[in-house]
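Each chain is listed here by its residues.
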Amino acid sequence: MTETAVAETLNDPGERGSLEIKHKAVERLAVLAARSTESVTDRHPGLRVLGGRDLPKADVTITGTRVRAQVAVAVTWPSPLAKVAANVRAAVARDLSELGIYTVDRVDVTVQCVPAEDTVEEGRVQ
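Residues numbered from 1 in each chain as written. Predicted model: local features only at pLDDT ≥ 70, side-chain atom pairs only at ≥ 80, totals over all residues. Heavy atoms only, no water.

This part takes up the pattern of salt bridges. A complete count under the given rule lists 4 salt bridges for this structure. One salt bridge in this structure joins Glu 27 and Lys 24, with 3.5 Å as the shortest N-O distance. Of the two residues, Glu 27 and Lys 24 both sit in helix α2 (residues 23-35), 3 residues apart, roughly one turn of that helix. Look at Glu 27 and you get buried, because its relative accessible area is 10%. Given a relative accessible area of 62%, Lys 24 falls into the exposed group. With a closest N to O distance of 2.9 Å, Asp 108 and Arg 106 form a salt bridge. (Salt bridge = Lys/Arg side-chain N within 4 Å of Asp/Glu carboxyl O. Helix = DSSP H or I, 4+ residues; strand = E, 2+ residues; numbered from the N terminus. Buried < 20%, exposed > 50% of the residue type's maximum accessible area, 1.4 Å probe, protein only.)

Written out as structure tokens, the structure is:
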């Protein structure tokens, strides 16, 4: 076979296959984006004991090439909640858009927990 014959039998690179990213992978990417945001923490005392899920967590809805995300986070005290939520929203939208597959329609952020600062209790003498 000559080079010309080989080139004629190959399909256009854009038609050779497709990339499919699983739903859970998109959720995981949203969680990682939220976790990388300043003032977001995974400290949430008592939630695991009460049957709660780890934070941050994400739930995404994918329709074709469009995605919506709902993200729940825990934020360190004292932090401006509106600013942290906006930063999480921007980070999640940026990271999901960088995949090059999806158009991010919406990212809703809920601050579910603001853990209190750790306190050091000093022993008392009786």
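Moving on to α2. Taking 1.5 Å per residue, 13 residues should reach 18 Å; α2 reaches 19 Å between its end C-alpha atoms and fits that length. Among the residues of α2, those classed as buried are Val 26, Glu 27, Ala 30, Val 31, Ala 33 and Ala 34. All buried residues of α2 lie within an arc of 160 degrees about the axis, which places them on one face of the element. (Expected span 1.5 Å × (residues − 1). Arc of directions from axis to C-beta.)

All right, on to the confidence of the model for the chain then. Chain-level pLDDT for the chain is 82 on average; 67% of the residues reach the 70-or-more range. Highest mean pLDDT in the chain belongs to helix α3 (residues 81-97) (97); lowest belongs to helix α1 (residues 3-9) (57). (pLDDT = per-residue confidence, 0-100.)

With an omega of -5 degrees, the peptide bond running from Leu 55 to Pro 56 counts as cis. Looking at the element boundaries, Pro 56 is found in the loop between β1 (40-41) and β2 (57-63). Geometrically, the link from Trp 77 to Pro 78 is a cis peptide bond, its omega value of -10 degrees lying close to zero. Its place among the elements puts Pro 78 in the loop between β3 (66-75) and α3. Of note, the phi angle at Ser 39 is positive, near 80 degrees, even though the residue is not glycine.

This next bit is on the side chain of Thr 41. Residue placement: Thr 41 occurs in strand β1. Residues within four places of Thr 41 in sequence aside, it is in contact with Leu 55, Pro 56, Ala 74, Val 75, Thr 76 and Pro 115. (Contact = heavy atoms within 4.5 Å.)

Geometry of a packed helix pair, given as the angle between the helix axes and the separation of the axes. Relative orientation of the contacting elements α2 and α3 amounts to 140 degrees, with a least axis distance of 8 Å. Classified by the angle their axes make, α2 and α3 are oblique. As α2 runs across α3, the sense of the crossing is right-handed. Across from Val 26, Leu 29, Ala 30, Ala 33 and Ala 34 in α2, the residues of α3 making contact are Val 88, Ala 91, Val 92, Asp 95 and Leu 96. A breakdown of the residues in the contact of α2 with α3 according to their chemical character gives 9 nonpolar, no polar and 1 charged. (Axes fitted to C-alpha atoms, helices over the stretch in contact; angles between N-to-C directions. Parallel < 35°, antiparallel > 145°, perpendicular 65-115°, else oblique. Left-handed = near helix turned anticlockwise from the far one by under 90°. Nonpolar A, V, L, I, M, F, W, Y, C, P; charged D, E, K, R; others polar.)

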